[in-house]
Amino acid sequence: WQHPLSASDREVMRKQWDDEIASLSKEIDANPDIGALASKRGDLLFFRGEFAKSVRDYERVSELKPELDASHWRLGIAYFYAGQPEKSAAQFDKFFVSDDVDREAGLWRYLAQAPTLGTDKARDGLHKYTKEDREPMPTIYRLFEEKITPDKLLDSIDPKLPKNVREQRQFYIDLYLGLWHDAHKSPKEALPYFRNATDSRWGRTASYGPNYMWHVGRLHFERLAEQERSSVKKKP
């Protein structure tokens, strides 16, 4: 699978992250109790794929700012990629108590539970949302509830919507279709969706939260693509 970003673009990003991490580390050594510094370094470490280190920084933020812990969705995602699904699910349980609108927390709780409980139990345990949320999250949630099919989800974008709105919805649909397929142990089906999400200009240039999710799609794509390459090499 060819990466949507050129090798030089990826190298530029890595160098920028490394330079910022080095600078932040010096600031943190001098000011260990400033949570914003640990939060920023945690993001950069996550982007670098250093998930365990990212978790440590995010946990430090929660220690310094306990009032922010329940809403710390980035910590929940970092737990997931650091191989700590139980902590990830628990983090999104706390998030749901503090925010019963944002369905992404429910989706990530499902994703965290699926590897150990299976997708059926994860589906049965999905949080019940009654309040309105931004599209396409309610429609994506219906896929995870198994009330619609992937094809129905893909067809749910109204072509009459403004281009930037369609691109935004397409990005999230691609991202969560990739995550849904991977949760169902279908990495080959997941790969093209993660590639599409990584190729999304909207996601790459979006503001903070959506851009963070673009990095989630990129990292997941890179992991699955590497697994695919390794499996091909092992074949006789």
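Calculation notes
Residues numbered from 1 in each chain as written. Predicted model: local features only at pLDDT ≥ 70, side-chain atom pairs only at ≥ 80, totals over all residues. Heavy atoms only, no water. Phe/Tyr/Trp six-rings, centres within 6.5 Å; stacked < 30°, edge-to-face > 60°. Helix = DSSP H or I, 4+ residues; strand = E, 2+ residues; numbered from the N terminus. Buried < 20%, exposed > 50% of the residue type's maximum accessible area, 1.4 Å probe, protein only. Expected span 1.5 Å × (residues − 1). Contact = heavy atoms within 4.5 Å.

Some points on the packing of aromatic side chains
1) Next: Scanning the model with the defined rule gives 18 aromatic pairs in all.
2) Next: Arranged with centres 5.0 Å apart and planes meeting at 20 degrees, the rings of Phe46 and Tyr212 form a pair that is stacked. Taken together, the residues Phe46 in helix H2 (residues 35–47) and Tyr212 in helix H13 (residues 208–234) connect sequence positions 166 residues apart.
3) Next: Judged by relative accessible area, Phe46 falls into the buried class, the value being 0%.
4) Next: Residue Tyr212 is classed as buried on the basis of its relative accessible area of 0%.

What to know about H2
1) Next: Taking 1.5 Å as the rise per residue, H2 with 13 residues should run 18 Å; its terminal C-alpha atoms sit 19 Å apart, in good agreement.
2) Next: Within H2, eleven of the 13 residues are buried, which leaves it mostly tucked inside the rest of the structure.
3) Next: Gly35, Leu37, Ala38, Ser39, Arg41, Gly42, Asp43, Leu44, Leu45, Phe46 and Phe47 are the residues of H2 that are buried.
4) Next: As for H2, its buried residues are in contact with helix H1 (7–30), helix H3 (51–64), helix H4 (73–81) and H13.
5) Next: Taken from the residues just after H2, Gly49 is the one with a positive phi, measuring 80 degrees.

A short note on H4
1) Next: Counting buried positions along H4 yields eight of nine residues, so the element is predominantly enclosed.
2) Next: By the burial criterion, the buried members of H4 are Arg74, Leu75, Gly76, Ile77, Ala78, Tyr79, Phe80 and Tyr81.
3) Next: One or two positions beyond H4, positive phi appears at Gly83, with a value near 75 degrees.

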